[in-house]
Amino acid sequence: FCTNIYAASFSVHKTFMNVSNTISISPLTSNRIDLSLDRFFELEVEWTDTGQPAWSREQFLRELPFKWQLSFIAEIDFIIVGYLIASKGTSEPQSSTVNKIVVDGTHQRKGIGKLLMNHYFEASMSHNLNRCGLTAMCEYEPADRLYTSLGYNNIRTIRGNDGKLRNFYVKIIR
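Residues numbered from 1 in each chain as written. Predicted model: local features only at pLDDT ≥ 70, side-chain atom pairs only at ≥ 80, totals over all residues. Heavy atoms only, no water.

Asks: Got a minute to help me understand the pairing of strand β3 (residues 79–88) in this structure?
Replies: Note on strand geometry: in a regular strand, side chains alternate between the two faces of the sheet. Counting buried residues in β3 gives 8 out of 10 residues, a clear majority hidden from the surface. Across 5 bridges, strand β2 (residues 72–76) lies against β3 in antiparallel orientation. For Ile 76, the partnering residue across the bridge sits in β3 and is Ile 79. Taking the residues between adjacent antiparallel strands as the criterion, β2 and β3 are bridged by 2 residues, where Asp 77 takes a positive phi near 50°. Judged from the 7 bridges that link them, β3 and strand β4 (residues 95–103) form a sheet pairing that is antiparallel. Looking at the pairing, Leu 84 lines up with Ile 101 of β4. Hairpin connection of β3 to β4: 6 residues between the antiparallel strands. (Buried < 20%, exposed > 50% of the residue type's maximum accessible area, 1.4 Å probe, protein only. Helix = DSSP H or I, 4+ residues; strand = E, 2+ residues; numbered from the N terminus. Pairing = 2+ DSSP bridges.)

Asks: Looking at this model, I keep getting lost on the nonpolar core. Mind explaining?
Replies: Proteins that are soluble and globular tend to have nonpolar side chains buried together. One finds Met 117, Tyr 120, Tyr 147 and Tyr 152 to be the most contacted residues of the largest nonpolar core, which totals 27 residues. Counting residues per element, this core draws most heavily on helix α6 (residues 112–126), which supplies 6 residues. In contact with Met 117, other than residues within four places in its own chain, are Leu 84, Val 98, Ile 101, Leu 134, Tyr 147, Leu 150 and Tyr 152. (Core = buried A, V, L, I, M, F, W, Y, C linked by side-chain atoms within 4.5 Å. Contact = heavy atoms within 4.5 Å.)

Asks: I keep staring at the side chain of Glu 75 and nothing clicks. Help me out?
Replies: The residue Glu 75 is located in strand β2 in this model. Side-chain polar atoms of Glu 75 contact the side chain of Arg 32, separated by 2.6 Å. Those residues in contact with Glu 75, other than ones at most four positions away along the chain, are Thr 22, Ile 23, Ser 24, Ser 26, Arg 32, Ile 80 and Val 81. (Polar contact = N/O pair within 3.5 Å; in protein donor to acceptor, adjacent residues only side chain to side chain.)

As C-alpha cells, this is what we get:
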C-alpha cells in the first residue's frame with residue numbers, strides 16, 4: 001500500500017513538472033510586442049552578445065510583408081522565452097527571411113529555437129514561400145549548428161551595413 005501511494009505521489013509530481021515546463025508557440029502580433037516590449041528588450045542581450053546591433057521599438061514594430069503571418073513567440077508559464085521575426089523575402093517572389101531569432105540564455109539548447117523555426121517553415125509553406133533565407137554572424141557557432149541541423153546551406157559570406165561579416169543561409173522547403 002505504501003509503495004502505491006509513493007508511486008502515485010511521484011507520478012503527480014512528474015506531471016506537474018512537465019506542465020510547468022511546457023513550451024507554447026503562438027503567432028507574434030504588434031499588440032503582443034507593445035504589451036511585452038520590456039521583455040523583448042530584456043532578451044536583446046542574447047542578440048547583441050552575438051555581435052548584432054540592438055533593435056528599437058520602431059524596428060520591432062516595423063511593418064513588413066507577411067511579418068505577422070511568419071513570426072512567432074515561445075512561452076513557458078506565460079513568460080516569453082524566445083521569438084522569431086520573419087517576413088516575405090525581397091530577393092525572389094517565393095522567398096521568406098528570418099530577420100531575427102532570439103532564445104533566452106537560460107532556455108537555450110532545449111529545442112526552443114528549433115520549435116520556432118519549424119513553425120516558421122510551416123507558415124512559409126502555407127503562403128507558398130519555399131525559399132527560406134537568414135543571416136548569422138560568422139563567428140557565432142551555435143547558430144551555424146542550429147541552421148545546418150535544420151537543413152540550411154551556408155551559401156556565402158556577406159558584409160552587413162555595420163561592416164561585420166555574416167553567413168547567408170538558404171533552405172528550400174517542400
